[in-house]
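Structure assessment
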Amino acid sequence: METLGYYNGTIGELHEISVPMLDRVCYFGDGVYDATYAHNHVIYCLDEHVDRFFNSAALLRMEIPCTKAELKTLLSDLVRKVDSGDQFVYWQLTRGTGIRNHLPTEGPGNLWVMLRPAEVQDTYGKLNLITLEDTRFLHCNIKTLNLLPNVMAAQKTHEAGCDEAVLHRGDMVTECAHSNVHILKDGVFKTHPTDHLILPGIARQNLIRACKALGVAVDETPFTVAELFDADEVIVSSSGSFCMAAATIDGKSVGGKAEETLKKLQDFLMADFQEKTK
């Protein structure tokens, strides 16, 4: 198969799969999701992504129709059905199916999976960023399907000819439209804490692990927009990019002052990816 779609046990090419009009996702965006990449038909950081998926569902009191072990087995089996060994692996749970009603349906939700050929980004590349006021709701730690503010930010980023938007609430930097953002300053890796204002990124978690392995100090406290522009390096992380540095923000050059430390982190993460997806 070139691509794969899965809906509650039905499997086929993506364009062949349909979903019920009464799935609550159609009316409320009522669901959660997670995503990562596969290399050599092996899913990277599957345990961590499944843990986060179950945590998101629990925070919304949604019932997943399988155990963690069953989901891992299902996803691992599905990636082997796609011809390409390099895939974007996406799955989501919607609360259920029923006549439109704000009161949630009861019982297990609907499980979706989407697989398509894709490779991780070149983590050694440079990004151009813009800053935008963070107007999202106050449950950013849940990987919910309600992504309209993120979509709006992505559109503004595209119109500005940039790659990603750094979101901030007042002077405090939170994260990006679809990534986490961090800074290196005076040998310290600084990243917003995993509170309700950011998504607890798996790539963020891996970056912290890399820092500790390489002896780079980690400071999980909020930083400001001014600190962002003054940083030795500005780092954007996601499941598909790992550790990419920013070249510009709002048209101004940033970073380029801790390239040796940046390269060590990138090398560590690429080696980890290659080792775990053999």
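Residues numbered from 1 in each chain as written. Predicted model: local features only at pLDDT ≥ 70, side-chain atom pairs only at ≥ 80, totals over all residues. Heavy atoms only, no water.

Here the focus is the overall build of the protein chain. Each helix and strand in the protein chain was counted, giving 7 helices and 15 strands. For 278 residues, the compact-globule estimate of 2.2 N^0.38 gives 19 Å, and the protein chain sits close to it at 19 Å. If you line up the protein chain on its principal axes, its C-alpha atoms span 55 × 40 × 30 Å. Within the protein chain, buried positions represent 53% of all 278 residues. Long-range contacts, defined here as pairs at least 24 residues apart, represent 73% of the contacts in the protein chain between residues at least 6 apart. Counting every atom, the protein chain has about 12,800 Å² of accessible surface; 53% of that belongs to carbon and sulfur. Distance between charge centres in the protein chain, computed from 26 positive and 38 negative side chains, equals 3 Å. (Helix = DSSP H or I, 4+ residues; strand = E, 2+ residues; numbered from the N terminus. Rg over C-alpha atoms; globule rule 2.2 N^0.38 Å. Buried < 20%, exposed > 50% of the residue type's maximum accessible area, 1.4 Å probe, protein only. Contact = heavy atoms within 4.5 Å. Areas by Shrake-Rupley, 256 points an atom, 1.4 Å probe, with all protein chains shown as cover. Lys, Arg positive; Asp, Glu negative; His and termini not counted. Charge placed at Lys NZ, Arg CZ, Asp CG, Glu CD.)

Before going further, it helps to examine the sheet that holds strand 4 (residues 42–43). Pairing is antiparallel across the open sheet formed by 6 strands, whose spatial order is 2-1-6-5-3-4. Only two strands of the sheet have a single partner each, and these edge strands are strand 2 (10–12) and strand 4. With 3 bridges joining them, strand 1 (residues 4–7) and strand 2 adopt antiparallel strand pairing. The residue bridging tyrosine 7 from the neighbouring strand is threonine 10, located in strand 2. This element, helix 2 (residues 46–59), spans strand 3 (31–39), strand 4, strand 5 (87–94) and strand 6 (110–117) of the sheet and lies at about 175° to strand 3. (Pairing = 2+ DSSP bridges. Axes fitted to C-alpha atoms, helices over the stretch in contact; angles between N-to-C directions.)

Moving on, we get to the pairing of strand 11 (residues 188–191). Put simply, side chains in a regular strand alternate between the two faces of the sheet. Where strand 10 (residues 180–185) lies against strand 11, 4 bridges are found, and the strand directions are antiparallel. Residue pairing in the sheet places leucine 184 in a bridge with phenylalanine 189 of strand 11. Taken together, the 3 bridges between strand 11 and strand 12 (residues 217–219) define a ladder with parallel strand orientation. In the strand pairing of strand 12, valine 188 is matched with alanine 217.

Nonpolar side chains collect at one region of the surface, where Met21, Leu22, Tyr27 and Ile99 lie side by side and expose about 430 Å² of accessible area between them. In this fold, methionine 21 is placed in the loop between strand 2 and helix 1 (25–28). (Patch = residues over 30% accessible without salt bridge, like charges linked within 9 Å, V, L, I, M, F, W, Y side chains within 5 Å. Salt bridge = Lys/Arg side-chain N within 4 Å of Asp/Glu carboxyl O.)

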